[in-house]
Structure formats: structure tokens, C-alpha cells
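# Summary of the model geometry
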Amino acid sequence: MSAPGGEHTVLSVLRAAEGWLQQRGAEAPRRSAELLLGKVLGLTRLQLYLAHDRPLDGNERAAMRGLVQRRASGEPVAHLLGTWSFRGLELAVGPAVLIPRPETEQLVDLALERAPRGSSVLDLGTGSGAISIGLAAARPDVRVLGVDVSQNALAVAASNVQRHGLAERVTLAHGSWWEAVQPGAVFDLVVSNPPYIDPDASGELAADVRAFEPPLALFTSKGDVVSCYRAIVAGLATGLRAGGWFVAETGVGASGPARELLASQPFLGEVQLRQDHEGIDRFLLARRA
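To keep things clear, this report deals only with the structure shown in the data block. None of these values were measured; they are calculated from a predicted model.

This next bit is on the side chain of Ser-128. Residue position: Ser-128 is located in the loop between β3 (120–124) and α7 (130–138). Not counting the four nearest positions on each side in its chain, Ser-128 is found in contact with Leu-91, Ala-92, Val-97, Leu-98, Pro-100, Ile-133, Val-156, Ala-157 and Asn-160.

Next up on the list: the pairing of strand β5 (residues 170–174). Where strand β4 (residues 143–148) meets β5, five bridges bridge the pair, whose relative direction is parallel. Its bridge partner lying in β5, Val-147 is registered against Ala-173. Handedness of the crossover joining β4 and β5 through helix α8 (residues 151–163) is recorded here as right-handed.

Glancing now at the side chain of Asp-198. In this fold, Asp-198 is placed in the loop between β6 (187–192) and α9 (207–212). No salt bridge forms around the buried Asp-198; measuring N to O, its nearest opposite-charge neighbour Lys-222 is 7.0 Å away. Engagement of the side chain of Asp-198 in a polar contact is seen with the backbone nitrogen of Gly-223, the distance being 3.1 Å. When neighbours within four sequence positions are excluded, Asp-198 is seen to be in contact with Phe-219, Thr-220, Lys-222, Gly-223, Asp-224 and Val-225.

With that out of the way, let us pick up the pattern of salt bridges. The full count for this structure, using the stated rule, is 13 salt bridges. The partner of Asp-141 in a salt bridge is Arg-117, with the nearest N and O atoms 3.9 Å apart. Separated by 24 residues along the polypeptide, Asp-141 in the loop between α7 and β4 and Arg-117 in the loop between α6 (102–113) and β3 bring together distant segments of the chain. Given the relative accessible area of 75%, Arg-117 is considered exposed. Owing to a relative accessible area of 17%, Asp-141 belongs among the buried residues under this scheme.

It is worth spelling out the nonpolar core at this point. What tends to happen in soluble globular proteins is that the nonpolar side chains get buried as a cluster. Counting residues in hydrophobic clusters, the biggest one holds 34 residues, and the most contacted among them are Leu-122, Trp-178, Val-190 and Leu-236. For this core, the elements supplying multiple residues, two or more each, are β3, β4, β6, α11 (227–239), β7 (240–249), α12 (255–263), β8 (268–275) and β9 (281–288). Tallying contributions element by element places α11 first for this core, with five residues. Filtering out sequence-adjacent residues up to four positions away, Leu-236 remains in contact with Trp-178, Val-190, Phe-246, Phe-267, Leu-268 and Arg-288.

A positive phi is found at Arg-87, a non-glycine position, where the angle reads about 55°. As for its placement among the helices and strands, Arg-87 is situated in the loop between β1 (83–86) and β2 (89–92). What makes Arg-87 partly exposed here is its relative accessible area of 29%. With phi around 55°, Glu-270 is a residue other than glycine that occupies positive phi space. Within the fold, Glu-270 resides in strand β8. Taking relative accessible area as the criterion, Glu-270 reaches 48% and is therefore assigned partly exposed.

A few words now on the sheet that holds β3. Sheet strands line up and pair through hydrogen bonds in the backbone, either parallel or antiparallel. Across the sheet, seven strands lie side by side as β5-β4-β3-β6-β7-β9-β8; this open sheet has mixed pairing. In the strand order of this sheet, the two ends are held by β5 and β8, each with one partner. Strand-to-strand twist in this sheet, taken as the mean axis angle between neighbours without regard to direction, amounts to 15°. Two elements, β7 and β9, share five bridges in a ladder whose sense is antiparallel. Counted as the bridge partner of Ala-248 is Leu-284 from β9.

Definitions and limits used
Residues numbered from 1 in each chain as written. Predicted model: local features only at pLDDT ≥ 70, side-chain atom pairs only at ≥ 80, totals over all residues. Heavy atoms only, no water. Helix = DSSP H or I, 4+ residues; strand = E, 2+ residues; numbered from the N terminus. Contact = heavy atoms within 4.5 Å. Pairing = 2+ DSSP bridges. Right-handed = clockwise from strand over helix to strand, strands pointing away. Buried < 20%, exposed > 50% of the residue type's maximum accessible area, 1.4 Å probe, protein only. Lys, Arg positive; Asp, Glu negative; His and termini not counted. Salt bridge = Lys/Arg side-chain N within 4 Å of Asp/Glu carboxyl O. Polar contact = N/O pair within 3.5 Å; in protein donor to acceptor, adjacent residues only side chain to side chain. Core = buried A, V, L, I, M, F, W, Y, C linked by side-chain atoms within 4.5 Å. Axes fitted to C-alpha atoms, helices over the stretch in contact; angles between N-to-C directions.

Right under this line is the structure:
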């Protein structure tokens, strides 16, 4: 890699890194370069451009070179930074959890609209804790239980809950779906972003997602894209309060079958499939009769 190490100012390093990443087919090369140099120098994007003629020393250039090389190999920017923004909240991320995405911010918005005051919420498959934390941060009256089968994911979620001072209202539990929930517990709202990708369709995923994000959070049982929804729905009959909502994320290939699954449940009504900002069928909603 001949650049960005041979340049010496913020602006020239940014330009060299962007060009180098673009040549190697990295997604969003300019944004990647900005975020990575911001991490190295401890500066925001605006601060970088205000300090465009600031010189970089050898250690800073070496650190930037290493990050850019890793990005060019496909490693997600979020993993290189160690944190990612979700609804304006900085969350720790890593290989054990999915990187929070804008679509999931929309999921939180839909859930907030359906959470009555003083709600108890269940977040099934909490991962980094993004949904739980997003809900609790937006609504001081809400209490959330976040469940995950991965101990490594729960460790990340716990650090994020502590980071945002929400430990009194966000509780975490280890287990597979409803197994982690106390018998007899009933919730006003159940939310989830479960796996919905058939392992046989993994080739359709972006290369960096396939290589660096956790399979446990991505893939369903082979040949059954609604396997996780089925496990979740099995507990809604007793775990979702009458009149309460189930709000979940879905995606291409799973949205239709998942909607049919919800519509086939006699205790669920008002079943809806909503689109995300890109016009993709993304969100499932259903109400307990």
C-alpha cells in the first residue's frame, strides 16, 4: 500500500485513503476514510475538515494505514471503530453482534408508537442491545427485558446498557427465545429482529456481512425462513398482553411467509407488513386479540 502513508496532512491522507479504498472496491470509500482517520486522531468529521492542513506523525500514519488495509480486506468499518451510532447513541459492536442498521431504527420508531405508558417490553434476540436501549432511552417510563442465546452478545449488550446508564430499566437474560423469560411473565410489547435468512441463500448477502457478522444472528434453520418467527409466535399467546403489539423486522424472501404465519394465528389480529425507507417489505406488526 503506497498511500496514505506517504502523505502528511489530514486532507492528503483522506484523499489518498479514499482513492486506495475505491481502487479495491470498498463500499463508501470516502465515508470509510473519514471515520477511520477520525478514530486515529480522535476527531469528528467536521473537525477533520476544519483541521485539513494538520500534519500527521509517523505513528498516526501507521495506524491509519493498518485500518485502511483492514477495511480494504472487507472488515466492516463498525468493527474497526469498535462502536456504531444507533438513534444518536454510541453502541459498542463487534463480531458477536449484528451492526445496528437504519432499518432497525425504524423498527424502534414503530415499537414506540405502540408502547403504552409504563410498558413492559420484551426484546427477543437483543444482540448489541440496540433495540432495548433505543426504546428505553426514548421512553423513561418503559422497562425492557432483552434476551439472547449468545453469552458473547449479552456481554456486548451489558456494556452498552451500562454505557448509557440504563441498567435500572433494561434487564438482560440468557436463553433461546422464550426459554429465558420467567414463567407467567406478560409484556405489553414484544419486539424482535430475528434471523430470517436461509443458509442456502447466504451467497446473496454482502461479502462483508457474510464474512464478519455472526451467523447465529443471520441464519434460520436450513430451508425454513420462518423457523425463528415460529419460535417467537409460540410464546405470544401467553406472553403478550391482550391488546399488546408484536413488532418485528423481516426481509426479502421471508416477509411473505412470516406474514402468513402471523395471519394464521387465531389470537393475533391487525397483521401488517410495512415497508422501510427503501420500499422493501421490512416490518411485521400484529396485535394480540
